[in-house]
Amino acid sequence: MPIHKDIKSIRRAILISIVGFVSLFVLLACAYMAKTFLNESEHQLEKNTIQWANYVVQLASDDLRSGDKFALEDKLQLFSANEAIQKIDVYALEHTTDNFNYFAGYDYLKSAKTIGEKITTQEKNRYLTPVKEGDVVKFVTPVALQDQKLGYVYIELDTQQGLSFDTHIIIIFVLLILLLFCCVFFVSYRLENYIVTPLRTLSTDILKITQSKDYSLRISSLPYREAEIVAMNINNFLNRTERHITQLGLAEKQSLELNIELEDKVTKRTDALKESNQELLSTLEKLHQFQDQLVESEKMASLGDMVAGVAHEVNTPIGLGVTASTLLSDRLTDIKASFEDKSLKSSQLKKFLTEGEENVGIIYRNLKRAAELISSFKKVAVDQSSEEFRQFNFNDLLNEMMLTLAPQIKNSPYNITFHCPEELTVVSKPGPINQVLINLILNSITHGFDGQENGNITLSIAQHSETLHMVYQDDGQGIASEIKDKVFEPFTTTKRGEGGSGLGLHLVYNLVTQALGGSIKLESNPEQGTKFEIQFPISEQLL
C-alpha cells in the first residue's frame, strides 16, 4: 500500500476518533440535561395540577355545603382564561348512600366527557394521584369542610401548554450541539495536520531505508520536539543496526569455518561412539547372562545346602539301623551255632528274642525316620524346581520346610515361631514360597544374627479375601541405612569376600514380584531387627 494512503488513513482515523469521542460526550451531557429538565417539568406539572385542584376545592366547599351550584358554575367559568385547564367537574357526596353525583362543572374544549357525565368509582380511585394520559393530566381530590367530606373535584390539565418551554430548550440544545461539532471538527483538522505532516515525512524516510536496505541513511529533522526525539531514537537504532550487521557478517564467516571443523569432529566422534555403544551392548548382554547364571547358581547352591544337610541327617538313622542289623546278625549266628551243637538253652533263646525285638524296633524306627526325611526333601526339591500351581495346606508346607532346614538350625540358638491357621489351604506356587522363606531364614541366621548368641524369628500368615499376607520379622542387628535402599539389588552384601554373593534378597524379590505376582516391603533400623511384609494373590481351590 502506498505511503500516502497510509497517511490519509491515519489522518482519517485520528479525526474520526476525536470527533466521535467529543460528540459522544456532548450528546450524553445534553441528553442527561434534557432528561433532567423534562422530568422536572413533569414534576412541576403534577404539582401545578394539585395546586389548581386545591384552589377549586376552596372555591367549591361553601357552595357544596349550601347547595348553590349556579354560583359555583359562575366561579368555574373564570378558568376559561387559563388554556391549560381543560376540564373541571365537581361532585356532591350523598351521606346516606355514600354515592356521589355531578354538581357543577367547566369544560374548555367540550370533549367527549360532557358536563354532567359522572365518572366511575374506579376512575375516581385511579385519579387520586395525578395520572398522565396522552397530553392530559387527570386528578381527583376530595372536598371537605371542618373534617366533613362534601364531595370530589375532578380536573384535567393540558400538558402541551406546560411543555412549550421545553421545546425551546431542546432547540437551543440542538444548536449548541451543532456549534460544538463545528468547533471540534476545526480543532481536529488543525491538530491532524500538525501531527500527521511530520509522521508523513518520517514514514517516507523509513520506507526509503527499508526499500534500499541502506542502513547508513538517517531520518531528517522534524518540526516539533516529540517527533524530533522519535527521529533521534530511530537514527540511534540505525547506527546500532549498521554496526550489528557488520559484526554479524564477520561472525557468520567465522561460524561457517567453525561449522566445517565441528562437522569433521562430530563425524569422527559419532563413529567412535557407535563402536563404543556396540561394545557396551555386547558387555551388557553378557552381564545379563552372567547375572541369570548367578541367580540360578544361588538356587542350586541353596538346593545343594539342603541336599548336604538332608544327607547328613539321613546318615544318622541309617547308621543306627546298620549297627542294629549287624548286632542282630551276630546274635543270630551265635544262636544258629548253639542250635547246631545242640547246646542251645532256653535262657539263651529268650535273651536272643528280647534283643532281637529291640534291634528290629531300632531298625524300623530309624528307617522310618530316614524315609520321612527323604520324602520331605523330595517334596521340597520338587517344589523348588517347579512353579506350577497346586493346592496345599500352608502348615504342611512350613513343616516340610523346617525338616529341610533342620541341619542348619538344629544346634543353633535361634527360635523360629510360626503363626498360621491350621486349616489354611490355598492354591498357589509352593516352590517360590518355599524358596522365599528359606532364603529369608538363612539370611537372618547368616547376617541378622551375626555376632549374637540368640535370636528370634517370627512368621505370621493371614488370608484376606484372595490375597495372602506374610509378615516375616527378626530381632537381629538390622540393615545399615547406607545399603537399606539397595538390598534387593543384585550383588548387594555385607559379607563380600566371606562367601556372600549378594543375590539372596534379589532372588527373594524376583520370586515375590514375578513368580508370585505380589509385592514385598522392607522395614529395618540398625539394632532394631528387620521386617518383611509380603503379599500375593491366591485362590482357595483350583480353577
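A brief report on the enclosed structure follows.

Cut-offs applied
- Residues numbered from 1 in each chain as written.
- Predicted model: local features only at pLDDT ≥ 70, side-chain atom pairs only at ≥ 80, totals over all residues.
- Heavy atoms only, no water.
- Axes fitted to C-alpha atoms, helices over the stretch in contact; angles between N-to-C directions.
- Helix = DSSP H or I, 4+ residues; strand = E, 2+ residues; numbered from the N terminus.
- Parallel < 35°, antiparallel > 145°, perpendicular 65-115°, else oblique.
- Left-handed = near helix turned anticlockwise from the far one by under 90°.
- Contact = heavy atoms within 4.5 Å.
- Nonpolar A, V, L, I, M, F, W, Y, C, P; charged D, E, K, R; others polar.
- Pairing = 2+ DSSP bridges.
- Phe/Tyr/Trp six-rings, centres within 6.5 Å; stacked < 30°, edge-to-face > 60°.
- Buried < 20%, exposed > 50% of the residue type's maximum accessible area, 1.4 Å probe, protein only.
- Core = buried A, V, L, I, M, F, W, Y, C linked by side-chain atoms within 4.5 Å.

Right, let's talk about the packing of helix H9 (residues 430-448) against helix H11 (residues 504-515) for a bit. Put simply, H9 and H11 touch, their axes get as near as 9 Å, and they point 155° apart. Considering the angle they form, H9 stands roughly antiparallel to H11. The hand of the H9/H11 crossing is left-handed. Note on element contacts: H11 touches H9 through Gly504, Leu505, Leu507, Val508, Leu511, Val512 and Ala515, opposite Pro432, Gln435, Val436, Asn439, Leu440 and Asn443. Looking at the contact of H9 with H11 residue by residue, the classes come out as nine nonpolar, four polar and no charged.

All right, on to the sheet that holds strand S3 (residues 131-133) then. Taken in spatial order, the five strands make up an open sheet running S2-S1-S5-S4-S3, and their pairing is antiparallel. At either margin of the open sheet sits one strand with a lone partner, and together these are strand S2 (100-107) and S3. Strand-to-strand, the axes of this sheet are offset by a mean angle of 25°, without reference to chain direction. Summarising the sheet, strand S4 (residues 136-145) and strand S5 (residues 148-158) pair through ten bridges and their orientation is antiparallel. Among the inter-strand pairings, valine 137 is bridged to a residue of S5, identified as leucine 157. The strands that helix H2 (residues 69-76) touches are strand S1 (85-93) and S2; relative to S2, the one it contacts most, it runs at about 35°.

To continue, consider the packing of aromatic side chains. When we look at a pair of aromatic rings, we describe it by the centre distance and by the angle of the planes. For the structure on display, the rule yields ten aromatic pairs. For the pair tryptophan 52 and phenylalanine 79, a centre-to-centre distance of 5.8 Å together with 75° between the ring planes defines the contact as edge-to-face. Of this pair, tryptophan 52 sits in helix H1 (residues 3-66) while phenylalanine 79 sits in the loop between H2 and S1; the two residues are 27 residues apart in sequence, bridging distant segments of the chain. What makes tryptophan 52 partly exposed here is its relative accessible area of 30%. With relative accessibility at 6%, the residue phenylalanine 79 sits in the buried group. Pairing tyrosine 55 with phenylalanine 79 gives two aromatic rings, centres 5.9 Å apart and planes at 75°, and the pair type is edge-to-face. Of the two residues, tyrosine 55 sits in helix H1 while phenylalanine 79 sits in the loop between H2 and S1, which places them 24 residues apart along the sequence.

This paragraph deals with the nonpolar core. Core analysis: the largest hydrophobic core is formed by 41 residues, its most contacted members being Phe394 and Met470. Among the elements that take part in this core, H9 stands out by supplying seven residues, more than any other. The residues touching phenylalanine 394, leaving out its near neighbours within four places in the chain, are Cys420, Leu424, Val426, Ile433, Ile461, Leu468 and Met470.

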